[in-house]
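The residues making up each chain are set out below.
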Amino acid sequence: MTVGTADSRPLIIAGNPQIAAFIAPALPECEVVGCPPEGPGGLGAAAREARVLIAFSDFRIDAALVEALPALGLVQMVGAGFDGVDPDMLRARGVALANSGDANSTVVADQALALALALSRQVGAADAWVREGQWAARGRFRLLRTLSEERAGIVGLGAIGKAIANRLAGFGTPVSWWGPREKPGEPLPRAASLMALAEQSSLLIIACPGGPATDGMIDRAVIEAVGPQGMIVNIGRGSVIDEDALIAALTDGRLGGAGLDVFATEPTPAERWASVPNVVLSPHHGGGSLGSISRMRDAVAANVRAFIAGAPLANRIA
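Just so you know, these numbers come straight off a predicted model, no measurement behind them.

**Student:** Help me understand the pattern of salt bridges in this model?
**Tutor:** Any two side chains of opposite charge can pair, so long as their charged atoms come close to each other. One pass over the full model with this rule turns up 14 salt bridges. A salt bridge links Lys-162 to Glu-186; the nearest nitrogen and oxygen atoms lie 2.7 Å apart. Of this pair, Lys-162 sits in helix α7 (residues 159-171) while Glu-186 sits in the loop between β7 (175-178) and α8 (194-200), and the two are 24 residues apart along the sequence. For Lys-162, a relative accessible area of 27% translates into the label partly exposed. One salt bridge in this structure joins Glu-243 and Arg-272, with 2.7 Å as the shortest N-O distance.

**Student:** Looking at this structure, how should I read the side chain of Ser-201?
**Tutor:** Inspection of the secondary structure puts Ser-201 in the loop between α8 and β8 (203-206). Look at Ser-201 and you get buried, because its relative accessible area is 2%. Looking at Ser-201, its side chain comes within polar contact range of the main-chain nitrogen of Gly-153, at 3.4 Å. Of the polar contacts made by the side chain of Ser-201, one reaches the backbone oxygen of Leu-197; its length is 2.6 Å. For Ser-201, the residues in contact, after removing those within four places along its chain, are Arg-151, Ala-152, Gly-153 and Val-226.

Rules of the game
Residues numbered from 1 in each chain as written. Predicted model: local features only at pLDDT ≥ 70, side-chain atom pairs only at ≥ 80, totals over all residues. Heavy atoms only, no water. Salt bridge = Lys/Arg side-chain N within 4 Å of Asp/Glu carboxyl O. Helix = DSSP H or I, 4+ residues; strand = E, 2+ residues; numbered from the N terminus. Buried < 20%, exposed > 50% of the residue type's maximum accessible area, 1.4 Å probe, protein only. Polar contact = N/O pair within 3.5 Å; in protein donor to acceptor, adjacent residues only side chain to side chain. Contact = heavy atoms within 4.5 Å.

Written as structure tokens, this is what we have:
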């Protein structure tokens, strides 16, 4: 596949053809092409002139890929995550890194509460109670706690974490948080440590980014601190939780429940969860809605235009 030979528009490389098809309508002044499986070399010599690479967070951007694009000046992520890239590596090569900011933070926050409500009110089990005739045969469903009766702890109070906290406030749920850095002026109480947050929370919501700094941070000790009456919801990244420890704790009853939109491996194998109790799963779609997809595309396009024009970038990470 050779590109750019008869097209004078700026060449933009997307992580795959699907991303290219998604972004291209918003950047008609650019030639947007998907990176083939064999890498940028499969696009021909013109690919060496590409100045922008657009990708989702799970697209691996290593030194070899960057070196194959000598004119590269911007890696633009679709969404907030940048798990597949090392910002320091890009910085050392003079390549900027940006994401699409909080374009989908409200949607992810909605998903977090959907999972929390499904867990605390046992929506799936209650649905089965009706469908299987248990209501008529055995009477009303068992009494449960509700979201307003939980003590919520949020790991990571960025745009998504703050949006979750705002929604929990509407339920009257007490909220604390923890992150590695203080936030001057933030009225919500910050726990002394991650472990302290886990110990005081009956609902622990993971809203921090992935990457080496948070890999396996929610380990067996943290999971057991939440305890057999507690719940963990993860809408951050699957790498943040020790997934084997989580499954073992759910199976043994050392953790009350979990709601997961992200996983250690995606797509996660169905058989891995077949016998795991008290867990609600969704296929990493928490950030996507009809509105958020359009906002993310617009944010990406605006940043690409700014970069080409030599203007400051929004949501720059490195």
